[in-house]
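In case you want the letters, here they are:
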Amino acid sequence: MAVILSDTLTRGKIELDLKTNQEVKIYVCGVTVYDYSHVGHARVFIVFDVLRRLLIKEGFKVKYVQNFTDIDDKIINKAKELGVSYKEVSEKFIKAYLEDSDALNLLRADLYPRATEHIDEMVEFIKGLIAKGHAYISSDGIYYDVESFKEYGKLSKIRKEELIAGARIETNENKKNPLDFALWKFYDQEPYFQTIYGKGRPGWHIECSAMIRKNLGETIDIHGGGEDLIFPHHENEIAQSEGLNGKPLAKIWMHVGLVKFGKDKMSKSLHNVVYIKDFLKSYGPNTLRVFVLSSHYRDQLEFNEQKIKEAVESWKAIEDAAYSLLQPFNVTYDDEVSDILQEIDLAIKDLKNDLNTPAALNRMLRASKKINQMWTALKLSKKMSEKLEPFQELFDIFGFKLKEISPSEKETVEKLIMQRNKLRQEKNFKEADEIRRKLLSLNIKLIDTPLGTFWRKVEVL
RNA sequence: GCCGGGGUGCCGGAACGGCCACGGGUGCGGCUGCAGACCGCAUUUAUGUGGGUUCAAAUCCCACCCCCGGCUCCA
């Protein structure tokens, strides 16, 4: 069965099937590296991570490229503020991004192209646009001539005349038309790049067009990002790439809804961001995934305490089920598990239907509850656990991951549990409870059953 | 002005034509040395208003009444 995705450009659904798309080329607009990444960024990357995992599971070959914008006014301003070079700023936050990415268990991209490493490609691109009459050189830079591209506005459904009427576009006497946007800006001051057009720096949109062309080709399968990129960023990319190549830039345009903090958009300029690293300190990566995936990717998502709390509870149930399957009892039950397998099967179908993660997560939660019920009833046998292998596959598509346990940690915990059980036999409950509290502070949860004491390392208590 | 998203039980919130969503809170019960964790039951046959299509609608169509986001750098 094909994977169906919504397309912003046509406002319709487009299928990806193995017959026509053995390889799926995906380009997602990454971050501008002048600050740490926040929950809004995490949402986009988690959504695309699940999409990748799903496509791979379905047998597609996926090439995933995500850029770093590593030259930009914000980076330069930050560098001035800190009294360091712009390179130091960008390197620092690229490193921070990758740390967050790993902490969130995001699959690494196949390629992380950087703007500063593609100056030549951008210049080539601009040269091509000038030759085709889509760009012109002005006194302070090189601009894209929006009038030359008839379809301008097709992605955001904005008509040129109306935008100008809205007067929200910065006017600049060096532009022919207020909507024209900079491909290249002339600068004499550091940092600049020396090119055939003189000293300067690239405009924001050109990097993506140039890097896509170089690394993925003229037409890619999926181009994505946050919905705040639809206009002007992606609109301008279309104007550039299609203006030069004369071919569609992407078959599918996927946009992830914004994360709101209270009623406002979570954004650095509004100073209401929750950084990924801070969220992870209080909760954990799986909780964030559950939070993000419990709403549909195209809807806006409000970040609030109650929703986080709900995500915590949902994750606990899923985590417990995963542990339950890893800790089957040495019993001979072989109960029917087809209802659980069916939920899992339907969950995967939901994912293939425009990445319907809330529905799929819901089914996974139901499956988890059933597994936990069997476990609590001491009826989950090894054989049943083996039959429930698809649960683990779904767990992996969602990108969940149990806490890691080192061998020495395991040894320590098991030693303490033996001590505690001895104390319990001696009815020395006070000291036994002391050990349990100690383990709890290490995120180790104990479960006493008639068949022994089990322990699980959990993300949240 | 333009583009887009909503109005669901005590509360948050899913559901993209058919399956008691799920969770929080509250209450009762089970398990347990206690506690925790876990489990069960109840609150809960809820879908802004009025029409229409359908065997079947929260879901599709029309009208109306209210909310909200984006349109400037942004994920």
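Residues numbered from 1 in each chain as written. Chains lettered and ligands numbered in written order. Predicted model: local features only at pLDDT ≥ 70, side-chain atom pairs only at ≥ 80, totals over all residues.

Chemist: Talk me through the environment of Val-44; I want residue IDs and the actual numbers.
Modeler: The residue Val-44 is located in helix H1 (residues 39-57) in this model. Judged by the 28 C-beta atoms lying within 10 Å of it, Val-44 falls in the buried class. If sequence neighbours within four positions are ignored, Val-44 has contacts with Val-28, Gly-225, Gly-226 and Val-256. (Helix = DSSP H or I, 4+ residues; strand = E, 2+ residues; numbered from the N terminus. Buried ≥ 20, exposed ≤ 12 C-beta atoms within 10 Å, placed from the backbone. Contact = placed C-beta atoms within 7 Å.)

Chemist: If you had to explain the sheet that holds strand E3 (residues 23-28) to someone new, which residues and values would you point to?
Modeler: Sheet architecture is open: 4 strands sit in the order E4-E3-E10-E11, paired in parallel fashion. Strand pairing shows two members of the sheet lacking a second neighbour, strand E4 (61-66) and strand E11 (250-256), which therefore form its edges. The sheet shows a mean angle of 20° between the axes of neighbouring strands, taken without regard to direction. Here 6 bridges tie strand E10 (residues 220-226) to E11, and the two strands are oriented parallel to one another. Directly across from His-223, in E11, lies its bridge partner Trp-253. (Pairing = 2+ DSSP bridges. Axes fitted to C-alpha atoms, helices over the stretch in contact; angles between N-to-C directions.)

Chemist: Got a sec to walk through the pairing of strand E15 (residues 444-449)? Specific residues and values, please.
Modeler: Two strands pair when backbone bridges link them, and E15 and strand E16 (residues 452-457) are joined in this way by 6 bridges, in the antiparallel orientation. Residue Lys-445 lies in a different strand from E16, and its bridge partner there is Arg-456. If you look at the hairpin formed by E15 and E16, you'll find 2 residues sitting between the two strands.

Chemist: Summarise the domain arrangement of chain A; cite the residues concerned and give the values.
Modeler: Split by domain assignment, chain A resolves into domain 1 (19-278), domain 2 (283-397) and domain 3 (407-457). Between domain 1 and domain 2, the C-alpha centre-to-centre distance is 35 Å. When residues of the side of domain 1 that touches domain 2 are traced back to their parent elements, those giving at least two are H1, E11 and strand E12 (259-261). Sorting elements by how many residues they give to the side of domain 1 that touches domain 2 places H1 first, with 10 residues. (Domains from an automatic or database assignment.)

Chemist: Any chance you could break down the nonpolar core for me, citing the residues and the numbers?
Modeler: The biggest cluster of nonpolar side chains holds 104 residues, and the ones touching the most others in it are Val-50, Ile-126, Leu-183, Ile-371 and Phe-391. Here this core takes 11 residues from H1, the largest share from any one element. When residues of this core are assigned to domains, at least three map to each of domain 1 (19-278) and domain 2 (283-397). In this structure Val-50 touches Leu-293, Leu-355, Thr-357, Ile-397, Phe-398 and Gly-399, once residues within four positions along its chain are discounted. (Core = buried A, V, L, I, M, F, W, Y, C linked by C-beta atoms within 7 Å.)

Chemist: Can you lay out the environment of Tyr-136 for me, pointing to particular residues and giving the numbers?
Modeler: Within the secondary structure, Tyr-136 is located in strand E5 (residues 135-137). The exposure class of Tyr-136 is partly exposed, given the 16 C-beta atoms found within 10 Å. With residues near it in sequence (within four places) discarded, Tyr-136 still touches Tyr-143, Asp-145 and Lys-176.

Chemist: Account for the sheet that holds strand E7 (residues 181-186), naming residues and giving values.
Modeler: Read from one edge of the open sheet, 5 strands run E5-E6-E7-E9-E8, paired in antiparallel fashion. If you trace the sheet from one side to the other, it starts and ends with E5 and strand E8 (193-195), each paired once. Across the sheet, the mean angle from the axis of one strand to that of its neighbour is 35°, orientation sign disregarded. One ladder, built from 3 bridges, connects E5 with strand E6 (residues 141-144); its direction is antiparallel.

Chemist: Got a sec to walk through the packing of H1 against helix H9 (residues 285-293)? Specific residues and values, please.
Modeler: With their axes 10 Å apart at the nearest point, H1 and H9 run at an angle of 85° to one another. Between H1 and H9, the angle falls in the class roughly perpendicular. Taking contact as the criterion, the partners of Ala-42, Arg-43, Ile-46 and Val-50 in H1 are, on H9, Leu-288, Arg-289, Val-292 and Leu-293. A class-by-class count of the residues in the contact of H1 with H9 yields 6 nonpolar, no polar and 2 charged. (Parallel < 35°, antiparallel > 145°, perpendicular 65-115°, else oblique. Nonpolar A, V, L, I, M, F, W, Y, C, P; charged D, E, K, R; others polar.)

Chemist: Just give me the short version of helix H3 (residues 86-103), but keep the residues and values in it.
Modeler: Taking 1.5 Å per residue as the helical rise, H3 with its 18 residues ought to reach 26 Å, and the 26 Å between its terminal C-alpha atoms agrees with that figure. Three or more residues of H3 are buried, namely Tyr-86, Val-89, Ser-90, Phe-93, Tyr-97, Asp-100 and Ser-101. Looking straight down H3, one finds that the buried residues subtend no more than 100° of arc, so they occupy a single side. Those residues of H3 that are exposed and angled more than 90 degrees off the buried face are Lys-95 and Asp-102. At its buried positions, H3 is contacted by H1, helix H2 (73-82) and helix H8 (276-282). Of the residues flanking the end of H3, it is Asn-105, one or two places downstream, whose phi is positive at about 60°. (Expected span 1.5 Å × (residues − 1). Arc of directions from axis to C-beta.)

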